[in-house]
Amino acid sequence: MEQNIGHAIILGCGCSKGTPQIGNEWGACDPLEPKNFRTRPSIAIQKNGKTLIIDTGPDFHMQINRENIRHIDGVLYTHAHSDHVAGIDELRSFFDRTRKRVPVLSDEKTLNELRQRFSFVFEQSSVLYAAAAEAHILQNNLQSFAGIDFTPFTQDHGLSTTLGFRFGDFGYSTDMITLDDHAIGVLNGVENWLVDGANLYEERIFVHSNLKRILELQEKVQAKNIYLTHLKNNLDYQTLCRDLPIFIRPAFDGQKIQIKWGQNAG
Ligand SMILES: [Zn+2]
């Protein structure tokens, strides 16, 4: 029977350089705490045996095998920065398993950039190298793909924009410095909200939000729980758990968050 329940898996909740950074730089993070090992930002949404992936960063291959994901039904892209897209050629492995192009969904600007930078993924480049993905433009309204309902919305990422998503009672807002009234309206009342915490304790912010901004937005979003993603290596897991209000927790790689879809749940 079809269930209106599913979950998000945090494939990665690290910042663009991951933790540890190259050079085994752990920063303020305790190397002995496994939840400090953070790969680049990505999540999977699973419901009724279907899987949608959001972003395919440089760690995509490892994340997919770690979670034993053997089939995907599509990839949603938040934007075209490399920490979110550099693993896109790995979609070829899914194409090889099914001989079907993987649907790739995002706004027109992001799709145009992906097609330009990774043309070999979208077009047959030789007799041996087939196109592995096909692009679909997303509109900012409630829609369904692979039987999974979601609503994309545009977010302010400082110098550019990104897409955020609401799936049922779960919201995902990575790579944003602030949200407009429309985005807040889409997110309003979510149970769990996964939010960009890259610049958590920084006063001056340019592309990522900080704690002050998150708390201002939370006044209007009214999420029950907030989880932080895109975390830098100056943000130690246990220290965050100790210092933050109880309704705000750092996410960790491999974490599962339940999602319910319902009449008022988006
Ligand atoms: Zn990013």
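Definitions and cut-offs
- Residues numbered from 1 in each chain as written.
- Predicted model: local features only at pLDDT ≥ 70, side-chain atom pairs only at ≥ 80, totals over all residues.
- Heavy atoms only, no water.
- Phe/Tyr/Trp six-rings, centres within 6.5 Å; stacked < 30°, edge-to-face > 60°.
- Buried < 20%, exposed > 50% of the residue type's maximum accessible area, 1.4 Å probe, protein only.
- Lys NZ or Arg CZ within 6 Å of the ring centre and 35° of its normal.
- Donors = N, O, S within 2.8 Å, 3.2 Å for Na, K, Ca; no water.
- Tetrahedral: all angles 85-135°; square planar, octahedral: opposite > 155°, others 65-115°.
- Helix = DSSP H or I, 4+ residues; strand = E, 2+ residues; numbered from the N terminus.
- Pairing = 2+ DSSP bridges.
- Patch = residues over 30% accessible without salt bridge, like charges linked within 9 Å, V, L, I, M, F, W, Y side chains within 5 Å.
- Areas by Shrake-Rupley, 256 points an atom, 1.4 Å probe, with all protein chains shown as cover.
- Salt bridge = Lys/Arg side-chain N within 4 Å of Asp/Glu carboxyl O.
- Arc of directions from axis to C-beta.
- Contact = heavy atoms within 4.5 Å.
- Right-handed = clockwise from strand over helix to strand, strands pointing away.

J.: Quick question: what am I supposed to make of the packing of aromatic side chains here?
T.: Scanning all chains against the criterion turns up six aromatic pairs. Measuring from centroid to centroid gives 6.2 Å for Phe-118 and Phe-120, while their planes differ by 75°, and the two rings are edge-to-face. Residue Phe-118 is classed as buried on the basis of its relative accessible area of 12%. Put simply, the rings of Phe-150, Phe-165 and Phe-167 pair up and form one aromatic cluster. Sitting above the plane of the Trp-261 ring, Lys-47 keeps its charged end 4.6 Å from the centroid. A cation sits over an aromatic face here: Arg-92 above Tyr-129, 3.9 Å from the ring centre.

J.: I'm lost on the coordination of the zinc ion in this one. Help?
T.: Six octahedral donors around a metal ideally subtend angles of 90 or 180 degrees, whereas four tetrahedral donors ideally subtend 109.5 degrees. On the protein side, the zinc ion has Asp-83 (OD), His-84 (NE2), Asp-175 (OD) and His-230 (NE2) as donor atoms, found 2.1 to 2.2 Å from it. Around the zinc ion sit four donor atoms, and with donor-metal-donor angles ranging over 94 to 164° the site reads as irregular. Between consecutive donors of the zinc ion, the numbers of intervening residues give the motif D-H-x90-D-x54-H. Of this pair, Asp-83 sits in helix 2 (residues 82-85) while Asp-175 sits in the loop between strand 10 (170-173) and helix 6 (181-187); the two residues are 92 residues apart in sequence, bridging distant segments of the chain. A residue is classified by how much of its surface remains accessible, and Asp-83, at 10% relative accessible area, is buried. With a relative accessible area of 2%, Asp-175 lands in the buried category.

J.: Teacher, can you tell me more about the pairing of strand 12 (residues 225-229) here?
T.: On a regular strand, one side chain projects to one face of the sheet and the next to the other, so that they alternate. The buried count for strand 12 comes to four of five residues, which makes it a mostly enclosed element. In terms of strand pairing, strand 11 (residues 192-196) meets strand 12 through five bridges, oriented parallel. Within the sheet, the bridge partner assigned to Asn-192 lies in strand 12 and is Asn-225. Pairing of strand 12 with strand 13 (residues 248-250) involves three bridges; the strand directions are parallel. The residue bridging Ile-226 from the neighbouring strand is Ile-248, located in strand 13.

J.: Can you help me understand a nonpolar patch on the surface in this one?
T.: A cluster of nonpolar residues, Val-127, Leu-128 and Tyr-129, forms a patch on the protein surface that exposes about 380 Å² of accessible area. Relative to the assigned elements, Val-127 resides in the loop between helix 5 (119-122) and strand 6 (133-137).

J.: Looking at this model, I keep getting lost on helix 3 (residues 91-98). Mind explaining?
T.: The α-helix winds at 3.6 residues per turn, so residues separated by three or four positions along the chain end up facing the same way. Within the sequence span of helix 3, burial applies to Leu-91, Arg-92, Phe-94 and Phe-95. Down the axis of helix 3, the smallest arc covering the buried residues is 160°, so these residues share one side. Buried residues along helix 3 sit in contact with helix 1 (60-66), strand 4 (74-76), strand 5 (102-106), helix 5 and strand 6. With its phi angle positive at about 60°, Arg-99 sits one or two positions after the end of helix 3.

J.: Mind showing me how you'd approach the pairing of strand 11 here?
T.: Strand 11 sits mainly inside the fold: five of its five residues count as buried. Taken together, the four bridges between strand 10 and strand 11 define a ladder with parallel strand orientation. Within the sheet, the bridge partner assigned to Ser-173 lies in strand 11 and is Val-195. Regarding topology, helix 6 serves as the crossover connection from strand 10 to the parallel strand 11, and that connection is right-handed. Once you follow strand 11 into helix 7 (residues 211-221) and on to strand 12, the crossover reads as right-handed.

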